[in-house]
Amino acid sequence: MSIASNRELAENKLILLYILDKLNMPVSNLQLTKIVMENKLMNYFIFQQFLDELCSLKFISPKITDNKTYYTITPSGKQTLDYFVNHIPKGIKLIINNYISNVRKNIRNETFIKADFTPENENEFTVTCQIREDTFSLIDLKISVGTKSDAKDICKNWQKHSQTIYSEIIESLIKPRD
């Protein structure tokens, strides 16, 4: 293997550490893949291989929540990044910084606001809506509905308006009743 390709391999691993460090929050494989692919930072297979290698080296910590794997940079990953960050080209760091500043809120909402449904039978769907702050669950709501269309609408509304809906639920629950 040539020196240039060794340098590129190391650079790609540092790029993944850099992304996780800049996000400063748990991020799913899908979200991380989207960042890497939309910015053409490396191909998908190399990305997945390096993600796995960084986990094996304990530079990245995977955590499974709700059947999804979320990744964070570990202290040893942060230390390694701090030591070698100058090996990432300035242009790539600028691309990553700009992209993350533009999508941070969406990533945070995707991570902490969840809505999904599961079919129970032909005419019953269970919708689960959640809002989390770090590891604390603000609300975890399960609702049974009769149609797939209703389940999809609830999920769509929750994703777009969860804070307002949450406030309305709390307001309704604490309102004095006679």
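Only a predicted model underlies this, so the values are computations on that prediction, with no experimental measurement involved.

Quick notes on the rules
Residues numbered from 1 in each chain as written. Predicted model: local features only at pLDDT ≥ 70, side-chain atom pairs only at ≥ 80, totals over all residues. Heavy atoms only, no water. Helix = DSSP H or I, 4+ residues; strand = E, 2+ residues; numbered from the N terminus. Buried < 20%, exposed > 50% of the residue type's maximum accessible area, 1.4 Å probe, protein only. Contact = heavy atoms within 4.5 Å. Core = buried A, V, L, I, M, F, W, Y, C linked by side-chain atoms within 4.5 Å. Salt bridge = Lys/Arg side-chain N within 4 Å of Asp/Glu carboxyl O.

**Observations concerning the environment of Leu-81**
- In this fold, Leu-81 is placed in helix 4 (residues 75-84).
- Classification of Leu-81 as buried rests on a relative accessible area of 1%.
- C-alpha of Leu-81 to C-alpha of Lys-34: the two residues are 47 residues apart in sequence and 21 Å apart in space.
- Beyond its immediate sequence surroundings of up to four residues, Leu-81 is in contact with Leu-14, Leu-17, Tyr-18, Asp-21, Ile-73 and Ile-88.

**Some points on the nonpolar core**
- Core analysis: the biggest nonpolar cluster contains 32 residues, and Ile-15, Leu-17, Ile-19, Leu-32, Ile-60 and Ile-96 have the highest contact counts within it.
- No other element matches helix 1 (residues 3-23), which puts eight residues into this core.
- If you look at the next biggest cluster of nonpolar residues, it comprises 13 residues, including Ala-115, Phe-117, Val-145 and Trp-158.

**Re the pattern of salt bridges**
- As enumerated under the stated definition, the model contains three salt bridges in all.
- With its nearest N and O atoms 2.6 Å apart, the salt bridge here joins Glu-53 to Lys-13. Of the two residues, Glu-53 is situated in helix 3 (residues 44-56) and Lys-13 in helix 1; the sequence distance between them amounts to 40 residues.
- Lys-78 serves as the salt-bridge partner of Asp-21, at 3.4 Å between the closest nitrogen and oxygen. Linking Asp-21 in helix 1 with Lys-78 in helix 4, this pair joins segments that are 57 residues apart in sequence.
- Overall, the relative accessible area of 18% leaves Asp-21 in the buried class.
- One salt-bridge network, held together by shared partners, links Asp-21, Lys-78 and Asp-82.

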